[in-house]
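Observations on chain architecture
The residues making up each chain are set out below.
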Amino acid sequence: MRTDQAVTIHRSDYQPPAYRIDSIELIFELDPSATIVRSRLQVRRADGIDAAEPLRLDGEALELLELVLDGSPVGPHRWTHANNQLVVHGVPHQFVLDITTRCAPDANTALSGLYVSNGNFYTQCEAEGFRRITFFPDRPDVMARYRVTLRAEHDRWPVLLSNGNLVAQGLCDGSHEDAGPARAGWHWCTWEDPFPKPSYLFALVAGRLVVTESNFVRRSGRPALLQVWVEPGNEHKTEHAMRSLERSIRWDEERYGLELDLDRFMIVATGDFNMGAMENKGLNIFNTRYVFAHPNLATDQDFAGVESVVAHEYFHNWTGNRVTCRDWFQLTLKEGLTVFRDQEFSADMMAAQCAGESAAASARAVKRINDVRVLRTSQFPEDAGPMSHPIRPDAYQEINNFYTLTVYEKGAEVIRMLQTLAGREGFRQGMDLYFARHDGQAVTCDDFVAAIADASTLDLAQFSRWYSQAGTPRVAVSVSVEASERICELRVSQQTPATPGQPDKLPLHIPFAMGLLDGDGAELALVPADASTKALIRSIDAGTALIELREATHVLRFANIGVRPVASLGRGFSAPVIIEHDWSDTDLDLLAAHDSDPFNRWEAAQQRMIRAIRAVLEGASPAQAGGAVAALIARVLDDSALDPAFIDAMVSLPAETFIAEQLDRVEPQRLRDARLAVRAEVASRLQSRWSTHYQQLNDGKLWTVDLAAAGRRALKNTALAWWVETGSADAVAAAVEQFARTDNMTDRSAALAALIRAGGEARDQALAAFEREFADEPLALDKWFSMQATAVRLPGELPVLDQVRHLMTHPAFSIRNPNKVRALITAFCTGNLAEFHRADGEGYHFWAEHVIALNSLNPQIAARLARALDRWPRYDTVRASHMRSALARVAAHPGLSPDVAEIVTKALAAEARPQA
């Protein structure tokens, strides 16, 4: 039974496991409605544990059939089974425990544990899914060696996979010990994993699948078999994933000296998956979204996503599998570190395609911009909301709720700061020391920081506050000049706002990169004017000083500067902070045009655009505000030295959701109107430029996967969107032609998005044509759903919510499929600010209805949707009241899962801001 009562687990309460499992043998007799699982555990009591301490095993949604200890049945007086735990009393110091259970994979709509998708068996065990397969101490610090035998009907499930190495297989004819009793039409196979692993890394797959293979030669000269398994008919979509896997393995060898440690490495794709992918040892299970990549079906962004996620899961083989987490509070130990590694890999792959250092720097900047967009648009609000938590949380009720952008993306920024401080070589030495000390262990974030500190001789005691302190720090910088002394003084202060459970914050150790420009945009030499300034500077390179901020306030003084310079602050986004500084509009224009740091050029342009939109919100004319933005964009478009991908980033307006976070009070429709007004003004003023750029870039060349071509496509399609914004009939005609004639999904989906914005018959015909052409391609239809769910409502048309409800009746939509929920329901609730946040509250009724519906089917997906109302106190009084009522409705629902309960309870505890 499951009580579903909220229990808060605290990091400070950690205790090592009372019993260790040295090895586990698993036998599966696979049946969709009644799978039998036999497990044999080699158990020993840990040193120092009292002999009276019982064995406690986790188990959920399992029917216990048999319990045998050292060959003898365990009587009912010696065990209890309640609250998802099997407790066995009176156990010896060392023993063998045999457990037989039954589960129903086809009834497992939560997709956690063993489940069925399209007739095939898959598993998802992170974080606590293994307990839905068999009774086990389901925690990451219990590491065992696994031997797994799978038995199934051959015709229905001809492929049987698990972790490690395939050691034997055959027919279930009784001729082999692992074959079991003779059973006509059944077959079996046995897999052994040579490396101890926690239960969350267990995996099995059984089904009708086909494979793409590659024979890879490792740095040591040893061969390895790489396999990508998919359902029949999808083989042509896997080449990019395979090439990405090969590049990932080679990069990890070259960058970190880490070699693939198995002779076989497998990826399996399924369309029913709660996450993006899972790094099970040697048998990665992926959402099809991050395996399938074909130019007719996937965009350039999809191709980049496949490469990144394949790399991420492979890199976990060392940062997560060989060295894993002691407990789930340490989740960022593997996830933040591995996100950083996949970001570095992607940046290196992009730079490797460039000719010359300048082009490589631009490519790296575009990658950095894209990563920071995600962080600031989604993680910064999380840091400021009711679910705010450090990258290493101190407490949780449901661990699935902490697979967050804070743990992943902010965690990666913390690792990046460590590399910034230690230097690339020093960081590599720290990684080497980390593996030398902890290979094969379950460890903590402190262990990782200690390895970096010891290898680089850095004092990282204060830096460790990044692991324990929630919230986004604010760094305020004021600049003044003593003209007679030719001294420029910067006063730099840091402050982190209070967050739930952490009212008081301590200063952090922040690596802060900065430069100073003169009035012509030239870099000024940074010469420390006193010893205290010199002591704060870790390095100066080509006009960029890396400052180590440690106190609440520092004063920096630089010599030979007699006129107030323009400050370039936080270069390369050197730390995940919000910078406060009194740049003038002229300052921002100069930085956008001349800053030697490409990230800060982009940042200056973004701030200029936000100012214009805020000005319209405050009553300024769109002509004046938009005119300034148009002038900035015109200069960017006319700069022939810039790479198309970087131009594309520079001329794209900030998203509504990001702008909303800059406002004291959010009124979604007014914000949309202001942004569209600025956009319309810029589009109109630069109409001829948009038309010209589109026509120049629309060169008719066949699609290729290379970076340069992708950059040209990105700018071409951005130019098309701006051109269509003018209402030009020629622009709409160009979008119609591109939609009809293109050979790739990047251009087709961009043309469709432009036509949706334009509306009318052209839109309707394109939507119908897309639906017909891709009726049998679920991932393509996900794009079709999302584009409609996030559309701007045109004058005289029905609310987008009405269309979303209609689309939910589409034959391709299923509320049981996480990808479809994300594509339609979540896209609407989180990606269409004005339409979801209607003043009448209908969007919130829709949200509550589907959080409740999903709660009983898939609590993890329900909880992620529930996060859409996290920031309710920031909205106007009417909307805030509607949102609070919707949250209360969900909170009062009987049978609410711990996943959803934690989200809505914390959201309701937030206080609405006083309204002006």
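Every value quoted in this text rests on a predicted model; they were computed, and no experiment measured them.

What counts, and where the lines are drawn
- Residues numbered from 1 in each chain as written.
- Predicted model: local features only at pLDDT ≥ 70, side-chain atom pairs only at ≥ 80, totals over all residues.
- Heavy atoms only, no water.
- Helix = DSSP H or I, 4+ residues; strand = E, 2+ residues; numbered from the N terminus.
- Rg over C-alpha atoms; globule rule 2.2 N^0.38 Å.
- Buried < 20%, exposed > 50% of the residue type's maximum accessible area, 1.4 Å probe, protein only.
- Contact = heavy atoms within 4.5 Å.
- Areas by Shrake-Rupley, 256 points an atom, 1.4 Å probe, with all protein chains shown as cover.
- Lys, Arg positive; Asp, Glu negative; His and termini not counted.
- Charge placed at Lys NZ, Arg CZ, Asp CG, Glu CD.
- Pairing = 2+ DSSP bridges.
- Axes fitted to C-alpha atoms, helices over the stretch in contact; angles between N-to-C directions.

This part is about the overall build of the protein. A tally of helices and strands in the protein yields 27 helices and 33 strands. In terms of C-alpha radius of gyration, the protein reaches 28 Å, essentially the compact-globule figure of 29 Å for 916 residues. The principal-axis extents of the C-alpha atoms in the protein amount to approximately 90 × 70 × 60 Å. In the protein, buried positions account for 60% of the 916 residues. In the protein, 72% of the contacts between residues at least 6 apart in sequence involve partners at least 24 apart. For the protein, the computed accessible surface area is about 34300 Å², with 50% contributed by carbon and sulfur atoms. One finds the centroid of the 94 positive side-chain charges in the protein at a distance of 1 Å from the centroid of its 119 negative side-chain charges.

Below, the discussion takes up the sheet that holds strand S27 (residues 487–495). Each strand in a sheet pairs with its neighbour through backbone hydrogen bonds, running either in the same direction (parallel) or in the opposite one (antiparallel). Here 4 strands make up an open sheet; going across it, the order is S31-S27-S26-S33 and the pairing mixed. Since the sheet does not close on itself, it has two edges, and those belong to strand S31 (553–559) and strand S33 (578–580), each with one partner. Going from strand to strand, the sheet's axes swing by 20° on average, the running direction of each strand aside. Both strand S26 (residues 474–482) and S27 contribute to a ladder of 9 bridges, which runs antiparallel. Along S27, the bridge assignment pairs Ser-480 with Glu-489.

So, about the pairing of strand S10 (residues 113–117). The element S10 is largely enclosed, with a buried count of 4 among its 5 residues. Alignment of S10 against strand S11 (residues 120–124), held across 5 bridges, turns out to be antiparallel. When the bridges of S11 are listed, Gly-113 appears paired with Gln-124. Hairpin connection, S10 to S11: the antiparallel pair is bridged by 2 residues, and Asn-118 has positive phi, about 50°.

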